[in-house]
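Notes for the structure review
Residues per chain, in single letters:
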Amino acid sequence: MKRRFHPGRVARAVALSAGATATLAVLGLARPAFSDDFSYDPPGQLVPGSGSGRVDQNVYAPNMRYPMETGPAFANSQVWGHGGSQGPGGDQCDAANFSYPWHDNYCETRDYDMPLCPAGVGHQGQDTRAADCVKNVHWVVAAESGTVTSIGSYSVYITAADGTRYDYLHMGSLQIAVGDEVTKGQRIGKVSNEFGGTPTTVHLHFNLRQDVDGVGNVYVPPYLSLVTAYQTLMGLTLNPPEGSLDEVSCAVISGWAASLDDTSVPIEARLYFDGKAGDGKTVGHPILADESRDDLCSAIGSCDHAFSVGLPLSLLDGVEHTVKAYASDGSPDLSELGGSPKTFTCGFELPGGVRRKVKDVDAENAWRFSAVWDEISVSDGIVATLPEGADLEDAPALVVSTSDASVLYILDQGKKRLVPDAKTALAWDFDVDLATPMDDDALAQLPDGPVMRPRPVVLLADSGDLWLVDDADSPVVPVGVTSAAGGDDDGDALTPSSGDGCSCSMPGSDAGGYPLAWALAASAVGLIALRRRRR
Amino acid sequence: MKPAWLPFFFGVALGGAACDAAPDSAPVSKAAGELPARSRVVPIEKAIDVRRVSWPRVDEVDDGVAQNLSADVRQAVARSSLPVLVPRALGLVDRTVLIVRDNFYAASIHGSDDYAGLTVNVSATRVTHRYRGMPNVKGRDRVRGDRPAFVTSNEGIWSATWIENGVSYVVEVECAHPSEDARCADSTFVERLADELAFVGGSFAEGGAQ
């Protein structure tokens with residue numbers, strides 16, 4: 001039996017504050033026809049016989065606008081729908097093509113490479129129809145602000161600041177030119193059937209193309225992004241999310257973000273450094289706001305909506321930086337957090353240990369070292385103060401115990417290195433789902449190496465070489481996976497340069513340095529930048 | 001199998017860093033709603049990063065091809081935070097319109113002469129999106145030597161994508177009349193185009209942060 005979702009029944013709202021209820025009532029009155037009936041089949045569920053879909057809950061473009069100016073609109077297959085070459089007959093104007101539920105048709109049967117499709121081949125995007133089958137009537141609008149980077153015979157590509165490309169095919173009545181800057185919601189053309197002289201059905205073929213780490217620049221599933229955007233278009237919305245940017249120091253960026261109308265799931269905080277959302281050039285860094293904080297329990301009736309993250313190493317340069325923070329629940333408009341923006345000016349203190357060469361960009365990418373969060377530019381002279389250790393492996397070899405899935409190791413130089421706790425796994429961006437199982441006997445045969453440090457610290461030297469600051473190769477006693485801080489005595493010396501948290505220094509040469517004050521501070525408030533928190 | 005401590009990832013991973021003190025700006029008290037989930041189906045489990053570019057040497061710039069770019073485009077090339085690759089053939093390179101932004105470039109070309117009827121797009125981005133549980137997949141095709149690539153067709157538009165210089169590139173070919181143009185009949189032309197792209201420069205600036 002098909003599962004269908006009826007996600008937007010805001011009229012059934014209960015237990016809202018008076019203010020929120022009033023707002024919803026207004027939204028309810030404003031909602032267009034077809035709103036309350038909206039439903040959609042789950043992602044990956046294609047028209048029977050049309051191939052294997054991708055079951056994927058990711059929303060790849062979480063804040064995009066629906067790419068048509070008005071609703072209703074209908075996402076379904078034009079090939080397997082009425083009037084399509086593989087359809088049940090009839091013509092493209094059949095009422096069934098203009099009814100709910102929506103159907104995913106990403107990965108629908110095609111012959112061409114699609115690495116994210118179960119079959120390895122398939123349809124790259126999603127077909128969507130406007131309110132009716134009349135061409136050159138219904139406006140297509142930019143789903144996201146960006147630059148028009150290509151206009152072909154029947155395609156328009158708009159690329160956003162984060163590199164995501166939004167593709168619009170088969171339009172007529174184009175309103176834009178290559179190089180134009182467009183804003184989210186701006187009219188760019190009309191739904192039509194342009195297809196290089198051989199008309200297709202009247203529909204908009206919509207793609208999302210992103211550079212996906214580990215795969216490449218590929219077409220990603222647009223279905224749930226369209227669902228999300230459509231709900232907003234049709235007024236199936238609640239109040240904007242709220243939150244606060246509470247603290248920005250040299251140790252931590254923290255605050256909270258939540259949708260007060262639906263606290264059952266966490267939402268994102270999104271950080272923009274030295275820029276702002278929608279400026280067309282600054283990349284927003286998502287952080288899942290799902291940490292528990294006692295004060296939120298009483299204040300908003302739900303505890304798990306806080307976030308905290310260490311500062312990006314690349315910005316510990318003694319220069320003032322600004323961070324603007326927003327709450328994002330997936331709807332098109334981001335809500336800036338209270339207390340945002342804030343500024344910080346912080347320095348960097350070189351941790352002790354050895355330097356291990358990161359051989360090349362491929363190794364850097366394989367280790368998922370972030371140029372923003374994990375790397376800092378330093379002089380060759382500073383790098384030279386650290387003794388040189390063995391080159392870093394080309395990629396992290398993650399293994400997990402078959403008898404105890406909580407025990408995760410990295411294989412390094414023939415030794416196993418414990419990843420001591422979840423915090424550390426997060427900080428290194430180790431994806432446990434990708435770890436290789438290994439039985440205990442095999443693990444026992446491997447000598448122990450140093451426990452992994454709490455976070456990666458990567459030095460980008462003047463010469464262009466990259467060096468990971470790591471421990472010398474000596475066995476240590478593993479600590480339990482529930483250890484709060486993990487690490488070792490001489491690791492993690494990323495330090496605020498003074499107690500006030502925001503003055504500047506670049507001491508650099510104190511290779512063995514690890515100020516006691518910092519150690520205490522780190523253990524007290526967990527000043528560990530968790531890259532995994534950026535999710 | 002997922003480790004037992006995996007829930008920490010989304011639960012209490014940074015509990016130690018949570019501040020017990022009242023926030024600077026206390027949240028407004030509101031009753032929690034009991035609405036069905038609306039727009040966001042699930043939490044978004046991703047991270048965004050800006051890759052560091054691995055620049056070719058300056059002496060690898062193909063001056064012969066670069067000279068066929070317009071003066072405006074050559075100026076734009078010099079601003080690019082990514083190494084710029086463009087087609088080398090006349091009828092394409094001389095028709096290049098170059099879009100340069102902080103984190104990507106795109107060469108948009110409407111071909112002429114031998115390449116009339118073609119829209120060619122060459123682009124690269126240094127922003128990468130990381131998704132939890134996304135396995136590494138390498139393209140089964142090869143371009144530009146032995147680089148793994150994905151070659152595909154989207155509504156008749158052929159594209160090839162691969163990693164080079166530490167970032168991802170895409171080249172695409174769209175025919176004005178795809179059903180009648182042999183260049184859009186299969187992957188041969190787009191693969192040849194990818195193989196022949198020339199490096200014409202860039203800012204050579206250290207890239208990454210921001």
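Criteria and cut-off values
- Residues numbered from 1 in each chain as written.
- Chains lettered and ligands numbered in written order.
- Predicted model: local features only at pLDDT ≥ 70, side-chain atom pairs only at ≥ 80, totals over all residues.
- Heavy atoms only, no water.
- Phe/Tyr/Trp six-rings, centres within 6.5 Å; stacked < 30°, edge-to-face > 60°.
- Helix = DSSP H or I, 4+ residues; strand = E, 2+ residues; numbered from the N terminus.
- Buried < 20%, exposed > 50% of the residue type's maximum accessible area, 1.4 Å probe, protein only.
- Lys NZ or Arg CZ within 6 Å of the ring centre and 35° of its normal.
- Pairing = 2+ DSSP bridges.
- Axes fitted to C-alpha atoms, helices over the stretch in contact; angles between N-to-C directions.
- Arc of directions from axis to C-beta.
- Polar contact = N/O pair within 3.5 Å; in protein donor to acceptor, adjacent residues only side chain to side chain.
- Domains from an automatic or database assignment.
- Contact = heavy atoms within 4.5 Å.
- Buried area = accessible area lost by both parts, 1.4 Å probe.
- Salt bridge = Lys/Arg side-chain N within 4 Å of Asp/Glu carboxyl O.
- Nonpolar A, V, L, I, M, F, W, Y, C, P; charged D, E, K, R; others polar.

A short note on the packing of aromatic side chains
On inspection of all chains with the given rule, the structure shows 29 aromatic pairs over all chains. Ring geometry for tyrosine 66 of chain A and tryptophan 102 of chain A: centres 5.9 Å apart, planes at 40°, overall tilted. Of the two residues, tyrosine 66 of chain A is situated in the loop between helix H1 (18-30) and strand S1 (74-75) and tryptophan 102 of chain A in the loop between S1 and strand S2 (126-129); the sequence distance between them amounts to 36 residues. Consider the rings of phenylalanine 199 of chain B and phenylalanine 204 of chain B, whose centres lie 6.0 Å apart with planes at 75°: the pair is edge-to-face. Its relative accessible area of 29% is what places phenylalanine 204 of chain B among the partly exposed residues. Here the aromatic residues Phe38, Tyr40, Tyr66, Phe74, Phe98, Tyr100, Trp102, Tyr223 and Tyr230 of chain A are joined through ring pairs into a cluster of three or more. Positioned above the aromatic ring of tryptophan 139 of chain A is the side chain of lysine 190 of chain A, whose terminal nitrogen or guanidinium carbon lies 4.5 Å from the ring centre. Positioned above the aromatic ring of tyrosine 219 of chain A is the side chain of arginine 209 of chain A, whose terminal nitrogen or guanidinium carbon lies 4.4 Å from the ring centre.

Concerning the sheet that holds strand S10 (residues 167-175) of chain B
Residue and element names in this part refer to chain B. Across the sheet, which stays open at both edges, the 7 strands sit in the order S3-S4-S5-S10-S9-S8-S7 with antiparallel pairing between neighbours. Single-partner strands in this sheet number two, and they are strand S3 (96-101) and strand S7 (141-143). Taking each pair of neighbouring strands and ignoring which way they run, the sheet shows an average axis angle of 25°.

Some words on helix H4 (residues 188-196) of chain B
Within H4 of chain B, burial applies to Phe189, Val190, Leu193 and Ala194 of chain B. One side of H4 of chain B holds all its buried residues, which, seen down the axis, span an arc of 135°.

A look at the side chain of aspartate 162 of chain A
Considering the arrangement of structural elements, one finds aspartate 162 of chain A in the loop between strand S5 (155-159) and strand S6 (165-169). Within the structure, aspartate 162 of chain A has its side chain in polar contact with the backbone nitrogen of threonine 164 of chain A (distance 2.9 Å).

Section: the sheet that holds strand S22 (residues 397-401) of chain A
Residues and elements named next belong to chain A. Read from one edge to the other, the open sheet built from 4 strands follows the order S24-S23-S22-S25, with strand pairing classed as mixed. Each edge of the sheet is formed by a strand with only one pairing partner; in this case those strands are strand S24 (415-419) and strand S25 (436-438). Sheet twist, expressed as the mean angle between neighbouring strand axes with direction ignored, is 40°. Strand direction decides the pairing type here: S22 and strand S23 (residues 408-412), joined by 4 bridges, are antiparallel. Looking at the pairing, leucine 398 lines up with isoleucine 410 of S23.

Regarding helix H2 (residues 223-233) of chain A
Residues and elements named next belong to chain A. Taken across its 11 residues, H2 has 9 buried, putting it largely inside the fold. Residues of H2 that are buried include every one of Tyr223, Leu224, Ser225, Leu226, Val227, Thr228, Ala229, Tyr230 and Gln231, and no others. Just past H2, the residue glycine 235 takes up positive phi, approximately 80°.

Let's talk about the domain arrangement of chain A
Residues and elements named next belong to chain A. The domain boundaries assigned to chain A delineate domain 1 (242-345) and domain 2 (354-504). Listed per partner, the contact involves 16 residues of domain 1 and 16 residues of domain 2. A combined buried area of about 1,200 Å² lies between domain 1 and domain 2, and 73% of that area is made up of carbon and sulfur atoms. Sorting the residues of domain 1 by area buried against domain 2 places Cys250, Leu313 and Thr345 first, and these three jointly supply 46% of that buried surface. Between domain 1 and domain 2 we count 0 salt bridges in total. Applying the counting criterion to the domain 1 and domain 2 interface returns 4 residue pairs in polar contact (both at pLDDT 80 or more). Contributions of two or more residues to the side of domain 1 that touches domain 2 are made by strand S13 (267-273) and strand S19 (342-345). Residues belonging to the side of domain 1 that touches domain 2 are distributed by class as follows: 10 nonpolar, 6 polar and no charged.

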